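# Fold and contact review
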Amino acid sequence: MTRRLSVDEAARLPEPELGSGQPGLDELVTEDCWRAFLHFGRRLFDVPDAPDADGLLLPYGTHAFGGPREFTLDLTRQFEISDSNGDHDRYVQVHRELRYGPAPALKALGSFDSWFFHDAGDDLDDRAQALTERAAWATIRRLRPTENRVYQEQV
């Protein structure tokens with residue numbers, strides 16, 4: 001039986017998921033980060049037995065988060081956390097946020113988001129395939145982000 005990792009271990013995983021022999025963070029292209037995110041997305045975690053307790057979110061778009069407008073791809077995994085009574089307490093999100101300099105081709109992609117939940121009966125590989133078949137993927141897959149950061153937050 002595969003041991004399920006604790007949610008506390010999740011924030012430490014996205015960097016090592018890149019594996020040895022991979023280029024440094026400043027050399028990664030979007031597709032490298034996507035493959036690492038999918039590997040991370042397949043890992044099993046100890047989450048409550050509740051609907052939507054473990055999900056992956058893929059939003060992208062051009063935004064100004066306290067600075068100049070730039071295209072952002074935020075590969076996010078969200079976990080539900082329960083209190084001592086087993087009731088919903090909060091969510092924890094682990095992000096791999098990729099930012100790109102301003103470019104008309106990226107702005108033209110507009111905004112998009114997609115959720116995947118492990119308990120919904122969908123197949124992660126099928127969902128990933130559908131996402132990479134979107135026209136936007138052809139534009140961003142080989143781009144090198146100007147910023148690539150991993151962080152965790154409570155929501």
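Okay, so let's go over this structure. These numbers were taken from a predicted model, which means no experiment stands behind them.

## As for the sheet that holds strand β5 (residues 147-154)
- Pairing is antiparallel across the open sheet formed by five strands, whose spatial order is β4-β1-β2-β3-β5. Unpaired on one side and paired on the other, β4 (112-117) and β5 mark the two borders of the sheet. Adjacent strand axes in the sheet meet at a mean angle of 15 degrees, parallel and antiparallel pairs treated alike.
- Note: strand β1 (residues 54-63) against β4, six bridges, orientation antiparallel. Residue pairing across strands places Leu-58 opposite Ser-114, the latter belonging to β4.
- Its contacts with the sheet put helix α2 (residues 30-42) on β1, β2 (70-82), β3 (88-100) and β5, and the angle it makes with β2 is roughly 10 degrees.
- Contacting β1 and β4, helix α4 (residues 124-132) crosses the sheet at an angle of about 170 degrees to β4.

## Some points on the packing of aromatic side chains
- Applying the stated criterion across every chain yields a total of eight aromatic pairs.
- Here the aromatic rings of Phe-71 and Tyr-100 are separated by 5.8 Å at their centres, their planes lie at 55 degrees, and the arrangement is tilted. With a gap of 29 residues between them, Phe-71 in strand β2 and Tyr-100 in strand β3 connect regions that are remote in the sequence.
- Taking the relative accessible area as the measure of exposure, Tyr-100 reaches 2% and is therefore buried.

Conventions and cut-offs
Residues numbered from 1 in each chain as written. Predicted model: local features only at pLDDT ≥ 70, side-chain atom pairs only at ≥ 80, totals over all residues. Heavy atoms only, no water. Pairing = 2+ DSSP bridges. Helix = DSSP H or I, 4+ residues; strand = E, 2+ residues; numbered from the N terminus. Axes fitted to C-alpha atoms, helices over the stretch in contact; angles between N-to-C directions. Contact = heavy atoms within 4.5 Å. Phe/Tyr/Trp six-rings, centres within 6.5 Å; stacked < 30°, edge-to-face > 60°. Buried < 20%, exposed > 50% of the residue type's maximum accessible area, 1.4 Å probe, protein only.

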